[in-house]
Amino acid sequence: MIPATGSQFPNIKNVPRYVFGSGSRHSLGAMVDARRAASGKPAAVFLIDEFFSADGDLPKALGVKDGDAVRYVDVAEEPTTEAVDALLEDLRAAGITEPAAIVGVGGGTTLDTAKAVANLFTNPGRAENYQGWDLVKNPGVYKIGVPTISGTGAESSRTCVMTNHRTGLKLGMNSDYTIYDQLILDPDLSSTVSRNQYFYTGMDAYIHCVESLAGRYRNPIGDAFSGTVLNLCREVFFGDDMMSQSGREHLMVASYLGGCALATSFVGLVHPLSAGLSVVLGLHHGVANCITLNALPEFYPEAHAEFRKFIDKQGVSIPERVCADLPEEKLVEMFEAATLHEKPLTNALGPEFRQTLTRERVVGIYRRM
Ligand SMILES: [Fe+2]
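None of these values were measured; they are calculated from a predicted model.

Attention now moves to the nonpolar core. Counting residues in each nonpolar core, the largest one holds 96 residues, and the members touching the most others are Phe-199, Met-203 and Tyr-366. Setting aside its immediate chain neighbours within four residues, Phe-199 contacts Phe-237, Met-242, Cys-290, Phe-307, Phe-310, Ile-311, Val-316 and Ile-318. Formed by 15 residues, the second largest nonpolar core is a distinct cluster that contains Ile-48, Phe-52, Ile-144 and Leu-189.

Structure, rendered in structure tokens:
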């Protein structure tokens, strides 16, 4: 077993507490109040996906009180180091020096933003200083995650992915301190997502586990998580309606367990190539993963075939020809952004991955997307 954390026997941390079930979101206010009492700090920070900004009653329903800071997270672009720094600066300018808790309510972008901001409240410097493995030195602010869409595993993973436009690096703060202290897993919250988006994001959990099981760093615990996740995804995506109550429940569990799987292993080839699409074209993670898997039957033949069956069964669509008309230099830029991800590529292909992933071959794969 090769560690995610750099030592021979990684000491895995998971989310210490979660509540699960329809209606469990109503326990959030009491949880935040308990943190106010325990920390002696009155103010909490609520970072909410902008998707919910039109719902004027939501902050009160979440337990927001006078003196708390509420910010709607712009999810048009996935988290960037610049946006995370700007949000922290904005909160500090509003007088929030160290809140009782940070609550993230939303999809992967919002959940990851909340994790990054929580770490930066207690660690000096800028977001880009902590892109990498185990660079965060101090525990972050207590954080509560409330996912509203399932698949990324952001709720249970030990990273918070951010794109750094200055360096071209799409990498998170991979740290035990990045893990949420508390989750509220309420499948009611994912009922209003569009079908395509629900599918793209849900497939992230499936792809995490396909990559993990096909990798060189497999281990019995990661395999157990991954196998369970794949079975849950099959139940959801071969079901009559992937968005039924039971579909949403099962996908929420798959997403959570997929994040746990990643704590013990690595992704493979899909995520680095998908990151190239995100960095250069700004495509979101879920859809970029689907576009990538769609172009990789040669590397993941069984998963590719199953993915195509899911698409047919659920009647969703995957964007095509997103790279077909791009100039060569953009494709080379993608190749370079993708091959920065040495750990997952080594997991997928071994340390000599560059012999397989030549520039010509990767550019050819991108051209097929
Ligand atoms: Fe992912």
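Picking up after the structure, the text goes on.
Turning our eyes to something else, we now look at a negative patch on the surface. A grouping of Glu-50, Asp-74, Glu-77 and Glu-82 is seen on the molecular surface, where their side chains present a negatively charged patch. You can see Glu-82 is positioned in helix H3 (residues 81-93).

On to the environment of Thr-292, then. Within the secondary structure layout, Thr-292 lies in helix H9 (residues 285-294). Taking the C-alpha atoms as reference points, Thr-292 and Val-270, 22 residues apart in sequence, are found 6.0 Å from one another. If we skip the residues at most four places from it in the chain, Thr-292 touches Val-270, Leu-273, Ser-274, Leu-277 and Met-369. Of note is the side chain of Thr-292, whose polar atom sits 2.7 Å from the backbone oxygen of Ala-288.

Our focus in this paragraph is the coordination of the iron ion. Protein coordination of the iron ion is provided by Asp-204 (OD), Asp-204 (OD), His-208 (NE2), His-271 (NE2) and His-285 (NE2), with donor distances spanning 2.1 to 2.8 Å. In primary sequence terms, the donor set of the iron ion follows D-x3-H-x62-H-x13-H. Of the two residues, Asp-204 is situated in helix H5 (residues 195-213) and His-271 in helix H8 (residues 270-281); the sequence distance between them amounts to 67 residues. By relative accessible area, Asp-204 is classed as buried at 2%. Exposure remark for His-271: the relative accessible area of 12% places this residue in the buried category.

Turning our attention to the sheet that holds strand E5 (residues 132-133). The sheet built from three strands is open, its strands ordered E5-E8-E7 with mixed pairing. Because the sheet does not close on itself, it has two edges, and the strands there are E5 and strand E7 (161-164). As judged from the two bridges shared by E5 and strand E8 (residues 169-174), these two strands associate in the parallel manner. Within the sheet, the bridge partner assigned to Trp-133 lies in E8 and is Asn-174.

Time to look at the environment of Thr-80. Here Thr-80 lies in the loop between strand E3 (69-73) and H3. Thr-80 sits 14 residues away from Asp-66 along the chain, and the two C-alpha atoms are 29 Å apart. If we skip the residues at most four places from it in the chain, Thr-80 touches Met-162, Thr-163 and His-165. Polar side-chain contacts of Thr-80 include one of 2.9 Å to the backbone nitrogen of Ala-83.

End to end, helix H6 (residues 220-237) covers 26 Å across 18 residues, agreeing with the expected 26 Å (1.5 Å per residue, within 8%). For H6, every residue scored as buried is listed here: Gly-222, Ser-226, Val-229, Leu-230, Leu-232, Cys-233, Val-236 and Phe-237. Angularly, the buried residues of H6 cover 165° about the axis, an arc narrow enough to put them on a single face. On the buried face of H6, the contacting elements are H5, helix H7 (245-262) and helix H10 (301-314). The residue sitting at the N-terminus of H6 and contributing the capping side-chain oxygen is Asn-219; that oxygen lies 3.1 Å from the backbone nitrogen of Ile-221.

With that out of the way, let us pick up the packing of H6 against H7. Taken N-terminus to C-terminus, the directions of H6 and H7 make an angle of 155°; their axes are 9 Å apart at the nearest point. As far as their axial angle goes, H7 and H6 are roughly antiparallel. Every pair of crossing elements has a handedness; the one defined by H6 and H7 is left-handed. In this structure, H6 contributes Gly-222, Phe-225, Ser-226, Thr-228, Val-229, Leu-232, Cys-233, Glu-235, Val-236 and Phe-237 to the contact, and H7 contributes Gly-247, His-250, Leu-251, Val-253, Ala-254, Leu-257, Gly-258, Cys-260 and Ala-261. Taken together, the residues of the contact of H6 with H7 sort by class into 12 nonpolar, six polar and one charged.

All right, on to the pairing of strand E9 (residues 182-185) then. Side chains Gln-182 and Ile-184 of E9 all project onto a buried face; the interleaved residues Leu-183 and Leu-185 project onto the opposite face, where all are buried too. Note: strand E1 (residues 17-20) against E9, four bridges, orientation parallel. From the neighbouring strand, Arg-17 faces E9, where its bridge partner is Gln-182. Pairing of strand E6 (residues 143-147) with E9, which is carried by two bridges, proceeds in the parallel orientation. What sits directly across from Ile-144, in E9, is Gln-182.

Right, let's talk about unusual backbone geometry for a bit. Positive phi, normally seen in glycine, also occurs at Asp-134, with a value near 55°. Residue placement: Asp-134 occurs in the loop between E5 and E6. What makes Asp-134 partly exposed here is its relative accessible area of 28%. The backbone phi angle of Arg-321 is positive, close to 55°, even though this residue is not glycine. Look at Arg-321 and you get exposed, because its relative accessible area is 57%.

About the thresholds
Residues numbered from 1 in each chain as written. Predicted model: local features only at pLDDT ≥ 70, side-chain atom pairs only at ≥ 80, totals over all residues. Heavy atoms only, no water. Core = buried A, V, L, I, M, F, W, Y, C linked by side-chain atoms within 4.5 Å. Buried < 20%, exposed > 50% of the residue type's maximum accessible area, 1.4 Å probe, protein only. Contact = heavy atoms within 4.5 Å. Patch = residues over 30% accessible without salt bridge, like charges linked within 9 Å, V, L, I, M, F, W, Y side chains within 5 Å. Areas by Shrake-Rupley, 256 points an atom, 1.4 Å probe, with all protein chains shown as cover. Salt bridge = Lys/Arg side-chain N within 4 Å of Asp/Glu carboxyl O. Lys, Arg positive; Asp, Glu negative; His and termini not counted. Charge placed at Lys NZ, Arg CZ, Asp CG, Glu CD. Helix = DSSP H or I, 4+ residues; strand = E, 2+ residues; numbered from the N terminus. Polar contact = N/O pair within 3.5 Å; in protein donor to acceptor, adjacent residues only side chain to side chain. Donors = N, O, S within 2.8 Å, 3.2 Å for Na, K, Ca; no water. Pairing = 2+ DSSP bridges. Expected span 1.5 Å × (residues − 1). Arc of directions from axis to C-beta. Axes fitted to C-alpha atoms, helices over the stretch in contact; angles between N-to-C directions. Parallel < 35°, antiparallel > 145°, perpendicular 65-115°, else oblique. Left-handed = near helix turned anticlockwise from the far one by under 90°. Nonpolar A, V, L, I, M, F, W, Y, C, P; charged D, E, K, R; others polar.

Just distances and angles here, no functional claims.
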